[in-house]
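So the chains spell out like this:
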Amino acid sequence: MNHTGALVSARGLTKIYEGPPEHVAVGGIDFDVRRGEAFGFLGPNGAGKSTTMRMIGCVSPRSGGELTILGHDAARDRRTIKARLGSVPQDDTLDTELTVEENILIYGRYFGLRRDVIRERTDRLLEFARLTDKRASRVQDLSGGMRRRLTIARSLVNEPDLLLLDEPTTGLDPQARHLLWERLFRLKQDGVTLILTTHYMDEAEQLCDRLAVMDGGRIVAHGSPRELIERYVTREVLELRFPLDRHEQAAEKARGIGERIEVLPDRLLCYTSDGEAALEEAGRRGLDPLTALVRRSGLEDVFLTLTGRTLIE
Amino acid sequence: MSAAVLVERNLMIYKHTWYVLLAEIFEPILYLLSIGVGIGVLVGSVTGVTGGSPVRYAAFVAPALLATAAMNGAMNETTFLMFGKLKTDRTYESMLATPLSERDVALGEIAWAVLRGTLVSLAFLAVITALGLVESPWAILVVPGAALIAFAFATAGVVVVTFLRDWQDMQYIQLVMLPMFLFATTFYPLSVYPRPVQLVVQWLPLYQSIELLRNPALGVLSPRILVAAVYLAAMGALCLTVAVRRLGRTLAA
Ligand SMILES: Nc1ncnc2c1ncn2[C@@H]1O[C@H](COP(=O)(O)OP(=O)(O)OP(=O)(O)O)[C@@H](O)[C@H]1O
Ligand SMILES: [Mg+2]
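Every value quoted in this text rests on a predicted model; they were computed, and no experiment measured them.

S.K.: Any chance you could explain the interface of chain B and chain A here in plain terms?
M.R.: Often, the extent of an interface is quoted as the loss of accessible area on bringing the components together. Contacts between chain B and chain A engage 24 residues on the former and 26 residues on the latter. Both faces considered, chain B and chain A share a buried interface measuring about 2400 Å² in area, 54% of it formed by carbon and sulfur atoms. Along the contact surface separating chain B from chain A lie seven salt bridges. The residue R78 of chain A makes a salt bridge to E102 of chain B at a minimum N-O spacing of 3.1 Å. Where chain B packs against chain A, one counts twelve residue pairs in polar contact (both at pLDDT 80 or more). When residues of the side of chain B that touches chain A are traced back to their parent elements, those giving at least two are α1 (4–16), α4 (91–96) and α5 (102–130) of chain B. Here the element with the most residues in the side of chain B that touches chain A is α1 of chain B; it accounts for seven residues. Split by residue class, the side of chain B that touches chain A holds ten nonpolar, six polar and eight charged.

S.K.: What's the story with the coordination of the magnesium ion (ligand 2) in this structure? I'm lost.
M.R.: Six octahedral donors around a metal ideally make angles of 90 or 180 degrees; four tetrahedral donors ideally make 109.5 degrees. Donor atoms from the polypeptide that coordinate the magnesium ion (ligand 2) comprise S50 of chain A (OG) and Q90 of chain A (OE1), at 1.9 to 2.1 Å from the metal. Of the two residues, S50 of chain A sits in helix α1 (residues 49–56) while Q90 of chain A sits in the loop between β6 (85–88) and α3 (100–110), which places them 40 residues apart along the sequence.

S.K.: What should I look at first to understand the UniProt feature "domain: ABC transporter" (unreviewed entry) in chain A in this one?
M.R.: On the UniProt side, "domain: ABC transporter" (unreviewed entry) is annotated at positions that read residues 8–241 of chain A here. With 35% helix and 29% strand, residues 8–241 of chain A has its two end C-alpha atoms placed 44 Å apart.

S.K.: I'm lost on the site of ligand 1 in this one. Help?
M.R.: All names here are of chain A. Taken together, 14 residues sit near ligand 1, with N45, G46, K49, S50 and T51 positioned nearest. Y17 is positioned such that a nitrogen or oxygen atom in its side chain is 3.3 Å from a nitrogen atom of ligand 1. Measuring from an oxygen atom of ligand 1, one finds a side-chain N or O atom of T51 at 2.5 Å. Out of a free accessible area of 640 Å², ligand 1 has 65% covered by protein chains. When residues of the shell around ligand 1 are traced back to their parent elements, those giving at least two are β2 (23–34) and α1. It is α1 that provides the largest number of residues to the shell around ligand 1, a total of three residues. Residues of the shell around ligand 1, tallied by class, amount to four nonpolar, eight polar and two charged.

S.K.: Where do I start with the sheet that holds β2 of chain A in this structure?
M.R.: In a beta sheet, neighbouring strands are held together by backbone hydrogen bonds and run either parallel or antiparallel to one another. All names here are of chain A. Taking strand neighbours across the sheet as the criterion, the four strands line up as β2-β1-β4-β5 in an open arrangement whose pairing is antiparallel. Edge strands, defined here as strands with exactly one partner in the open sheet, are β2 and β5 (72–73). Summarising the sheet, strand β1 (residues 6–17) and β2 pair through nine bridges and their orientation is antiparallel. Across the sheet, residue Y17 finds its bridge partner in β2, namely H23.

S.K.: I would appreciate a short explanation of the confidence of the model for chain B in the present structure.
M.R.: In low-pLDDT segments, the atomic positions of the prediction should not be examined closely. Overall, the predicted model of chain B reaches an average pLDDT of 91, with 100% of residues at or above 70. Confidence estimates for the predicted assembly give a pTM of 0.88 and an ipTM of 0.87.

S.K.: I tried to follow the nonpolar core on my own but got confused; where do I start?
M.R.: By size, the foremost hydrophobic cluster in this structure holds 139 residues, and its most contacted members are L299 of chain A together with I149 of chain B. Broken down by element, this core gets its largest block of residues, 18 residues, from helix α3 (residues 57–89) of chain B. Look past the residues within four positions of L299 of chain A in its chain and what remains in contact with it is L42, M201, A204, E205, L211, P225, L228 and I229 of chain A. Residues A47, I81, L85 and M214 of chain A belong to the second largest nonpolar core, which totals 27 residues.

S.K.: I keep staring at the UniProt feature "domain: ABC transmembrane type-2" (unreviewed entry) in chain B and nothing clicks. Help me out?
M.R.: Mapped onto the present numbering, the UniProt feature "domain: ABC transmembrane type-2" (unreviewed entry) falls on residues 19–250 of chain B. Segment residues 19–250 of chain B splits into 75% helix and 2% strand. End C-alpha atoms: 31 Å apart.

S.K.: What should I look at first to understand the environment of T80 of chain A in this one?
M.R.: All names here are of chain A. In this structure, T80 sits in helix α2 (residues 78–83). Classification of T80 as partly exposed rests on a relative accessible area of 40%. Distance in space between the C-alpha atoms of T80 and I69 is 10.0 Å, their sequence separation being eleven residues.

S.K.: Help me out: how do you make sense of the packing of aromatic side chains in this one?
M.R.: Residues and elements named next belong to chain B. In the structure shown here, the tally under the stated rule is 15 aromatic pairs over all chains. Pairing Y31 with F187 gives two aromatic rings, centres 6.3 Å apart and planes at 40°, and the pair type is tilted. Here F187 lies in the loop between α7 (170–183) and α8 (195–201) and Y31 lies in helix α2 (residues 19–43), a separation of 156 residues in the sequence. The buried category is assigned to F187, whose relative accessible area is 11%. Centre to centre, the rings of W203 and Y231 are 6.3 Å apart; their planes meet at 50°, and the pair counts as tilted. Residue W203 is found in the loop between α8 and α9 (205–217), and its partner Y231 is found in helix α10 (residues 223–251); the two are separated by 28 residues along the sequence.

S.K.: Would you mind showing me how to read the sheet that holds strand β13 (residues 268–272) of chain A here?
M.R.: Residues and elements named next belong to chain A. Overall, antiparallel pairing links the four strands, which are arranged β12-β13-β11-β14 in an open sheet. Strands with a single pairing partner mark the edges of an open sheet, and in this sheet they are β12 (260–263) and β14 (291–296). Geometrically, the sheet is characterised by an average inter-axis angle of 20° between neighbouring strands, direction not taken into account. Its contacts with the sheet place helix α9 (residues 247–254) against β12 and β13, and it is angled at close to 15° to β13. Running at roughly 100° to β13, helix α11 (residues 299–307) makes contact with β11 (236–241), β12, β13 and β14 of the sheet.

S.K.: Just to check I follow, could you spell out the environment of D95 of chain A for this structure?
M.R.: As for its position among the elements, D95 of chain A is in the loop between β6 and α3. Classification of D95 of chain A as buried rests on a relative accessible area of 4%. Other than its neighbours up to four places away in sequence, D95 of chain A contacts N103, I106, Y110 and V139 of chain A together with R9 and T91 of chain B.

S.K.: Help me understand the side chain of T93 of chain A in this model?
M.R.: Structurally, T93 of chain A can be placed in the loop between β6 and α3. Judged by its relative accessible area of 3%, T93 of chain A is buried. Polar contacts involving the side chain of T93 of chain A include one to the side chain of R154 of chain A, which spans 3.5 Å. If we skip the residues at most four places from it in the chain, T93 of chain A touches R154 of chain A together with D89, R90, E93 and S94 of chain B.

What counts and what doesn't
- Residues numbered from 1 in each chain as written.
- Chains lettered and ligands numbered in written order.
- Predicted model: local features only at pLDDT ≥ 70, side-chain atom pairs only at ≥ 80, totals over all residues.
- Heavy atoms only, no water.
- Contact = heavy atoms within 4.5 Å.
- Buried area = accessible area lost by both parts, 1.4 Å probe.
- Salt bridge = Lys/Arg side-chain N within 4 Å of Asp/Glu carboxyl O.
- Polar contact = N/O pair within 3.5 Å; in protein donor to acceptor, adjacent residues only side chain to side chain.
- Helix = DSSP H or I, 4+ residues; strand = E, 2+ residues; numbered from the N terminus.
- Nonpolar A, V, L, I, M, F, W, Y, C, P; charged D, E, K, R; others polar.
- Donors = N, O, S within 2.8 Å, 3.2 Å for Na, K, Ca; no water.
- UniProt positions renumbered as here; feature names shortened; annotations may be inferred.
- Near = heavy atom within 4 Å.
- Areas by Shrake-Rupley, 256 points an atom, 1.4 Å probe, with all protein chains shown as cover.
- Pairing = 2+ DSSP bridges.
- pLDDT = per-residue confidence, 0-100.
- Core = buried A, V, L, I, M, F, W, Y, C linked by side-chain atoms within 4.5 Å.
- Buried < 20%, exposed > 50% of the residue type's maximum accessible area, 1.4 Å probe, protein only.
- Phe/Tyr/Trp six-rings, centres within 6.5 Å; stacked < 30°, edge-to-face > 60°.
- Axes fitted to C-alpha atoms, helices over the stretch in contact; angles between N-to-C directions.

What follows is the structure in structure tokens.
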């Protein structure tokens, strides 16, 4: 363990994809992941989340900076580190010609586990992923969501200390998502440290103890979901929607309501500590919105404030 | 040896798709029957290969087809199939997330390709033995010979695959392999060519592979067997070094 007591520690971590054209995918980021926590990378497409995850997974070599995982240098002790990692890549890379059971078996063999050990764990993993009745099915016959669940189950075959999940719930239906959250929560309670990426604000809020918000290969903010919301946005938001032809004019009129106005293509957001008061003020100014909604601020607003863009376009 | 688990994976997969290997034995059998036996009726026998007695044409062609089977069996695995795993299935990505290294992947896939090439040629050897086309007990040397051929071409295949950009590039491999198959003394002896052409043909890896198998299959224990073995071992060793380095770099992006 290094001096910070972190399970994963990055300083100036950089990834440059050699061109042409040369591309800086991760531009010098610092973060620490503590033992037993769930740490999330939140950011839009192309922010560098997957690249960062692949460097932590010792799959992609870093171009610069320092990266220590489980007390080892990521470049020097890859085999040692990887033996203790579980990894769920963004795109499923299952063996589609093999059955569900065989996929877990061969993956366990990559870790040098004995066949009987793997067989014994397989029952539990299939149970975990709710794939017990698909045990002998070929992967090519599974639905996308089932494959995702198998990828996650497979990543646990070596009983990892650190689990890397790159967009784990993309492609899952709401029920499967909530089930997975619950399972991940249980893993965390068993002492597994989780690092995940997501586009989903609710996922980040539900699962992550701490977040790093990424944009353009950099970390633009980090902290717990609550801290981020308190630090970067007001308590409430008033959302106003106008007919498109009156949108700009209304934005002009609304200026000065609340602490800050954010003009989106389809609506106005007024950040304020008191949404109802802001709504009254809007009425006094003669604004006549199609719809008006007062809500609590969330991570989406943090992201908008930090980057000037919505996360999901 | 953690690379051995790659062989394990392939065995697991071929348990489902074993008929692919069967199809691979089918091709040399077709050549053997159409050209070796069919055209053999017109040709009769070939003289001047064994030094003494003439050889039935089918028995002359059979070991060359065996060498070709070993070559194709190994090379299909490391060109066509490996390219698919690299670009389409991204099979290796999931392996590299485990303690396996790029080197393990390269060595493991080559080991499997050698095994596959050898297995295919063994099956074909059984066929030609059953047809009575094996002339000498020295034909047993064909087994390690086929493994050596598979090794040389498996490693060469990996080197080639690291240069391919897309599926169209696969055509270039065919562009080299087909003429080599037709002209590397598969269907007639080297003496057919004028001397300058002979010098070129003798450098072809398939020519050396055929020499390696045809001589013992016909019961000729010539030093040419040794020359061919050294040639193929050197080619394999060189390609192995380059293959491990280049594939390692391709995988660690
Ligand atoms: N193998 C590669 N070669 C070249 N550039 C790459 C490669 N992989 C990613 N990139 C580039 O690096 C940047 C970051 O990509 P990355 O996949 O890390 O983003 P991400 O945050 O995971 O996005 P998403 O939400 O879409 O998954 C992108 O601009 C991408 O085009
Ligand atoms: Mg990604």
